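Observations on the three-dimensional arrangement
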Amino acid sequence: MSWLLGRNRPQQPQDVPPSDGGNPDGATAGERSGDAQLSKAERKAMEAYRFDSSALERAAEAAKTLERSRHAREALELSKLQEVTRQQEYQQKVKEYEAHIEQAKVEQRRIDHEERRKTLIEETKQQQQRAQYQDQLARKRYEDQLAQQQRVQEENLRKQEESVARQEAMRRQTIEHEIEMKEKNRLKLLEHEMRVKAKVDRENRDINLEQIRLKAQEQRTTILEGIKTAGTVIGTGVEAMLTDWDKVLTAAGGLSLLALGVYAAKGATGVTSRYIESRIGKPTLVGETSRFAILDAVQHPIKYVKKLKSKPADALQGVVLNPKLEERLRDVAIATKNTRINRGMYRNILMHGPPGTGKTMFAKKLAEHSGMDYAIMTGGDVAPMGKEAVTAIHKVFDWSQTSRRGLLLFVDEADAFLRKRSSEHISEDLRAALNAFLYRTSEQNSKFMLVLASNTPEQFDYAINDRLDEMVEFTLPGLEERERLLRLYFDKYVLQPAAEGAKRFKLEQFDYGAACSKMAKMCEGMSGREISKLGVSWQAAVYASEDGVLTEKMVLNRAEAAAQQHKQKMAWLSEQERLDHKSITGGKSN
């Protein structure tokens, strides 16, 4: 341990002056004399730069004491172990430092890789933007070329039209000139003929007057002789009849038999016509019916063969309504079908609501579903018939009683002749027709079912309301119903003709469902009939296009135009019409 405390240090060279041996402060005599002359503050400042050797002396003394101690070897081993521990700690710190360096290198590589990735992304984005810009430039050049070609074509077409117009104008002028010359020549010829005829008439005037007088005298003589001859014959016949009573009785009997035959023939003809009308034909007021008629079968044989082969279908097939309304109508259809099967009493129904909401369509479907015949008449046909309206109404109900399957009588626009009798605007003929209708519908019937349809049910007479068993309101389609209708008519008027390969009918590829959803929002307030007309307008757009291709833009443009037309129609309604058609302006379904 002596080497650690410096006891066996090598000897200093002889030429090196000894250190300041016994001076504990390490200062020479000159320095001490100089310090004495320094002030107290300066001495304190100098103390900081002086070396205190007393610590080394104490350490040397402690080393001597430790060397003489019997634990000196253990202390040396302990110090070696401490040195080894410090070396291991140092090596551990070196390894940690190297690990930190490696981690820093990995982090640096990750940062470099991330920078390269960002650079690649940025370069890719720049390349995409450059490609898009080049594509835009190419598209713009192509559009400019198309526009230039179109302008050239329009210019050529304009020149051709101008040339054709000039040629047409020249041809028209030529024709007009020819017509004018012909007219002048005709007038000159006519004038010449009239002049010649007038000259001839003047020359033959005396001869013509003489001929006229001779003809008049001859005609007068002939008439007088005819009158005399007829009087003589009639007088002779009357005298002979009055003198012979057998001839008088024969004449009277002949006239009586003739009158009886005329009246009998007239009655038989009336009975026969009513029988034919009730069994074979149809009444005048009935515009459309599903009952078999010989005349209609002869005119449309294929239609009637298909009708005979048809089977009962769902009452709501092809009818798109509000779910609650569909549920209620389905109950009505089931009840009607079971009533016909069990030969029960039919219930009378009123269907009211805006026009075009499916009232007539459901009435036909209801008759087909229940297996009944249907007949459609319009209330507006009753008023023009005047006094004949009563007879016509009785004929309709007599004809209804002869149906073996039961008849569904659908009266459209029923408020036209079933309005309040207290109103001053109703005529006596219309009042009589209303009374006849009330008489024939006073009791429930197992032969026919009465279905009335009206846009203004508040105008019905109270007695008509008393005969109604159920009232169903048909509202305008909501958003979901409009979308279902649009999908239905898009399939009917667009997809099916395009799939069948109709001539000049092609369809561009686009999202049909999304287009129908978008149009459903645009067509707010429109009825089912207006939406079906929109489907027909899509076909018209295809037929009017140059290439016969229906695009999404054309479909949406037609829908927007239909919506604008609907708004214009609503704006044209007068105040009275708005009051009469409350369901049109305020009855939109949610």
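Check the entry above for the structure.
Let me sum up the structure you'll find in this document.

Parameters at a glance
Residues numbered from 1 in each chain as written. Predicted model: local features only at pLDDT ≥ 70, side-chain atom pairs only at ≥ 80, totals over all residues. Heavy atoms only, no water. Helix = DSSP H or I, 4+ residues; strand = E, 2+ residues; numbered from the N terminus. Buried < 20%, exposed > 50% of the residue type's maximum accessible area, 1.4 Å probe, protein only. Contact = heavy atoms within 4.5 Å. Areas by Shrake-Rupley, 256 points an atom, 1.4 Å probe, with all protein chains shown as cover. Salt bridge = Lys/Arg side-chain N within 4 Å of Asp/Glu carboxyl O. Axes fitted to C-alpha atoms, helices over the stretch in contact; angles between N-to-C directions. Parallel < 35°, antiparallel > 145°, perpendicular 65-115°, else oblique. Left-handed = near helix turned anticlockwise from the far one by under 90°. Nonpolar A, V, L, I, M, F, W, Y, C, P; charged D, E, K, R; others polar. Pairing = 2+ DSSP bridges. Expected span 1.5 Å × (residues − 1). Arc of directions from axis to C-beta. Core = buried A, V, L, I, M, F, W, Y, C linked by side-chain atoms within 4.5 Å. Right-handed = clockwise from strand over helix to strand, strands pointing away.

This next bit is on the overall build of the protein chain. In terms of helices and strands, the protein chain carries 20 helices and eight strands. Among the 590 residues that make up the protein chain, the fraction classed as buried is 27%. Long-range pairs, those at least 24 residues apart, make up 78% of the contacts in the protein chain between residues at least 6 apart in sequence. Of the roughly 41800 Å² that the protein chain leaves accessible, carbon and sulfur atoms contribute 55%.

Once that is clear, we can look at the pattern of salt bridges. Counted according to the given criterion, the structure contains 20 salt bridges. The salt bridge involving arginine 440 is made with aspartate 398; its shortest N-O contact spans 3.0 Å. Placement of the pair is arginine 440 in helix H13 (residues 428-440) and aspartate 398 in helix H12 (residues 388-401), with a sequence separation of 42 residues. Judged by its relative accessible area of 41%, aspartate 398 is partly exposed. Here arginine 431 makes a salt bridge to glutamate 428, at a shortest N to O gap of 4.0 Å. With a gap of three residues between them, arginine 431 and glutamate 428 both fall in helix H13, about one helical turn apart. Classification of arginine 431 as partly exposed rests on a relative accessible area of 23%. The class of glutamate 428 is exposed, set by a relative accessible area of 58%. Each of Glu155, Arg158 and Glu162 takes part in salt bridges that share partners, so that together they form one network.

Turning next to the packing of H12 against H13. Interaxial distance between H12 and H13 falls to 8 Å at its minimum, and their mutual angle equals 20°. Viewed along their axes, H12 and H13 adopt a mutual orientation that is roughly parallel. The hand of the H12/H13 crossing is right-handed. For the pair formed by H12 and H13, the contact residues are Ala389, Val390, Ile393, His394, Phe397 and Asp398 on the first element and Ala432, Ala433, Ala436, Phe437, Tyr439 and Arg440 on the second. A per-class count over the contact of H12 with H13 returns nine nonpolar, one polar and two charged.

The contact between helix H17 (residues 528-544) and helix H18 (residues 552-571) brings their axes to 10 Å, and the two run at 135°. On the basis of their axis angle, the class for H17 and H18 is oblique. The element H17 and its partner H18 pack so that their crossing is right-handed. In this structure, H17 contributes Glu530, Leu534, Ser537, Trp538, Ala540, Ala541 and Val542 to the contact, and H18 contributes Met554, Val555, Arg558, Ala559, Ala562, His566 and Lys569.

For isoleucine 334, the position within the fold is in helix H10 (residues 323-342). According to the relative accessible area criterion, isoleucine 334 is partly exposed, its value standing at 43%. Once the C-alpha coordinates of isoleucine 334 and serine 370 are considered, the two residues, 36 residues apart in sequence, prove to be 7.6 Å apart.

Right, let's talk about the sheet that holds strand S2 (residues 349-352) for a bit. Judged by pairing direction, the sheet is mixed, and its six strands sit side by side in the order S1-S3-S4-S5-S2-S6 without closing on themselves. Sheet topology places strand S1 (286-289) and strand S6 (470-473) at the edges, where each strand pairs with a single neighbour. Across the sheet, the axes of successive neighbouring strands diverge by a mean angle of 20°, strand direction being ignored. As paired elements, strand S4 (residues 407-412) and strand S5 (residues 448-454) share five bridges and run parallel to each other. Paired with leucine 408 across the bridge in S5 is methionine 449. Along the sheet, H10 makes contact with S2, S5 and S6, crossing S6 at roughly 145°.

Here H17 contains 17 residues, and its C-alpha end-to-end distance of 25 Å stays within 8% of the 24 Å for a straight helix at 1.5 Å per residue. Those residues of H17 that sit buried are Gly528, Glu530, Ile531, Ser532, Leu534, Gly535, Ser537, Trp538, Gln539, Ala541 and Val542.

A few words now on helix H11 (residues 359-370). With 12 residues, H11 ought to run about 16 Å at 1.5 Å a step, and its terminal C-alpha atoms sit 16 Å apart, in line with that. Listed as buried for H11 are Lys359, Phe362, Ala363, Leu366, Ala367, His369 and Ser370. For H11, the arc enclosing every buried residue in end-on projection is 165°, short of the 170-degree limit, so these residues lie on one face. Elements that come into contact with the buried residues of H11 comprise H10, S2, strand S3 (373-378), S4 and S5.

A few words on the nonpolar core. In terms of nonpolar packing, the biggest core is built from 32 residues, with Leu418 and Leu452 touching the most fellow members. If we skip the residues at most four places from it in the chain, leucine 418 touches Leu434, Phe437, Leu452, Gln459, Phe460, Asp461 and Ile464. Listed in part, the 26 residues of the second largest apolar core include Tyr489, Phe490, Met519 and Leu550.

Next up on the list: the pairing of S4. By the criterion of burial, S4 is predominantly enclosed, with five of the six residues buried. Pairing of S3 with S4, which is carried by six bridges, proceeds in the parallel orientation. Bridge assignment links isoleucine 376 to a residue of S4, and that residue is phenylalanine 410. Following the chain from S3 across H12 to the adjacent parallel S4, one finds a crossover that is right-handed.

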